[in-house]
Amino acid sequence: MNIGTRDFDLARQVYMMGILNVTPDSFSDGGKWNKMDAALHHVEEMIRQGMDILDIGGESTRPGYTLLSDEEEIDRVVPVIEVVKARFDVPVSIDTYKGAVAEAAAVAGADLLNDIWGCAYEKRKLGQPETGSGVARVAVKYQLPVCLMHNRAEAVYTDYLKEVAADLSDSVSIALSAGVKKEQIILDPGIGFAKSYEQNLLLMKHLETVTELGYPVLLGTSRKSMIGLALDLPVTEREEGTIATTVLGVEKGCSIIRVHNVQANSRAAKMTKKILEAGM
């Protein structure tokens, strides 16, 4: 898959997506990188540590987050995308579910659309099944790959794992119907979204629910509440737990790992791959 100017072998390799939250209220690092100089320094640091893709987000998605207008979110992310693209040779992902934000980011130089609603925000959250997906339309217009994350309005399931797979398949159908090419689709199990603690653990245990759908998989567990609850630790002390999920994700066939600490998780992923490839 081409993301920006780079060709990613998502069938055989594992890549690190570094997180840059330019928000004042992110659950993990709110306010830490929402000043340009600090953000650019952090990007440079993550590149040195082995980051392959930079994921920029302007609206927090933590529980109880403040919903931003399109204009507010655009004002946060576009200047950062423009400067990052001018200074660094790294593919940039925009973390948004809003069509207008996705388009502004694409114009600014974003290379990947990372949609936490899997191109189904209008359908699952707003109840507007006929409107289509703004993010999918932007992906088609600018020929950008898109990551479709599992999400729904409520964590209510009858047959949990089957419904996660069905929801993701529905997201794929929405994207394909809009004209997104199959080879430009990535899936994300959506750990931490519309799932209880126990459901998050169960999906981690059965990541084949997602990896067997036939698309590259991005795993994003970094410092999330699942880890905090499992280990009874605050967000600042969840690195070892994050690494454990990274190792499991690689073993289960995930292609992209989205993390805050690039270096530690990159090393863990590389070691896991070496073990898995032994004797091949």
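Heads up: the structure comes first, above all this text.
Residues numbered from 1 in each chain as written. Predicted model: local features only at pLDDT ≥ 70, side-chain atom pairs only at ≥ 80, totals over all residues. Heavy atoms only, no water.

K.L.:
I'd love a proper account of the sheet that holds strand β6 (residues 112–115), names of residues and values included.
P.N.:
An order of β8-β7-β6-β5-β4-β3-β10-β9 is seen for the eight strands of this open sheet, with the pairing classed as parallel. Lying at the two open borders of the sheet, with one neighbouring strand each, are β8 (185–188) and β9 (218–220). The average angle at which neighbouring strand axes cross in this sheet is 25 degrees, direction not considered. Summarising the sheet, strand β3 (residues 15–21) and strand β4 (residues 53–57) pair through five bridges and their orientation is parallel. Within β4, the residue paired with I19 across the bridge is D55. (Pairing = 2+ DSSP bridges. Helix = DSSP H or I, 4+ residues; strand = E, 2+ residues; numbered from the N terminus. Axes fitted to C-alpha atoms, helices over the stretch in contact; angles between N-to-C directions.)

K.L.:
Describe in detail the packing of helix α1 (residues 36–48) against helix α2 (residues 70–87), supporting the description with residues and values.
P.N.:
Axis angle and axis distance: for two packed helices, these are the angle between their axes and the distance between the axes, and together they describe the pair. The geometry of α1 relative to α2 is characterised by a closest axis approach of 11 Å and an angle of 45 degrees between their N-to-C directions. If you check the angle between α1 and α2, you find them oblique. Both α1 and α2 take part in a crossing whose hand is right-handed. In this structure, α1 contributes M36, L40 and V43 to the contact, and α2 contributes P79, V80, V83, V84 and R87. (Parallel < 35°, antiparallel > 145°, perpendicular 65-115°, else oblique. Left-handed = near helix turned anticlockwise from the far one by under 90°. Contact = heavy atoms within 4.5 Å.)

K.L.:
Account for the environment of Y157, naming residues and giving values.
P.N.:
As for its position among the elements, Y157 is in the loop between β7 (146–149) and α6 (160–178). C-alpha separation for the pair Y157 and K195, spaced 38 residues apart in sequence, amounts to 9.4 Å. When neighbours within four sequence positions are excluded, Y157 is seen to be in contact with H150, R152, E163, V164, A194, K195 and Q199. At 2.6 Å, the side chain of Y157 and the backbone oxygen of A194 are in polar contact. (Polar contact = N/O pair within 3.5 Å; in protein donor to acceptor, adjacent residues only side chain to side chain.)

K.L.:
With reference to specific residues and values, describe the nonpolar core.
P.N.:
I56, I81, V84, L113, V146 and I185 are the most contacted members of the largest nonpolar core, which totals 64 residues. I81 has contacts with I56, V92, I94, A105, A108, G109 and A110, leaving out every residue within four places of it along the chain. With 12 residues, the next largest nonpolar core counts Y15, I53, L112 and I256 among its residues. (Core = buried A, V, L, I, M, F, W, Y, C linked by side-chain atoms within 4.5 Å. Buried < 20%, exposed > 50% of the residue type's maximum accessible area, 1.4 Å probe, protein only.)

K.L.:
Explain α2 to me, and be specific about the residues and the numbers.
P.N.:
One turn of an α-helix holds 3.6 residues; hence residues three or four places apart share an orientation. Its 18 residues place the ends of α2 26 Å apart at the C-alpha level, agreeing with the 26 Å of an ideal helix rising 1.5 Å per residue. All buried positions along α2 are accounted for by E73, V77, V78, V80, I81 and V84. Lining the buried residues of α2 we find β3, α1, β4, β5 (92–95) and α3 (99–108). (Expected span 1.5 Å × (residues − 1).)

K.L.:
Would you mind going over the pairing of β8 in detail, with residue names and values included?
P.N.:
Along β8, one buried face is formed by I185 and L187 and the opposite face, lined by I186 and D188, is buried too. Note: β7 against β8, four bridges, orientation parallel. Looking across to β8, one finds that V146 is bridged to I185. In this fold, the crossover linking β7 to β8 by way of α6 has right-handed handedness. (Right-handed = clockwise from strand over helix to strand, strands pointing away.)

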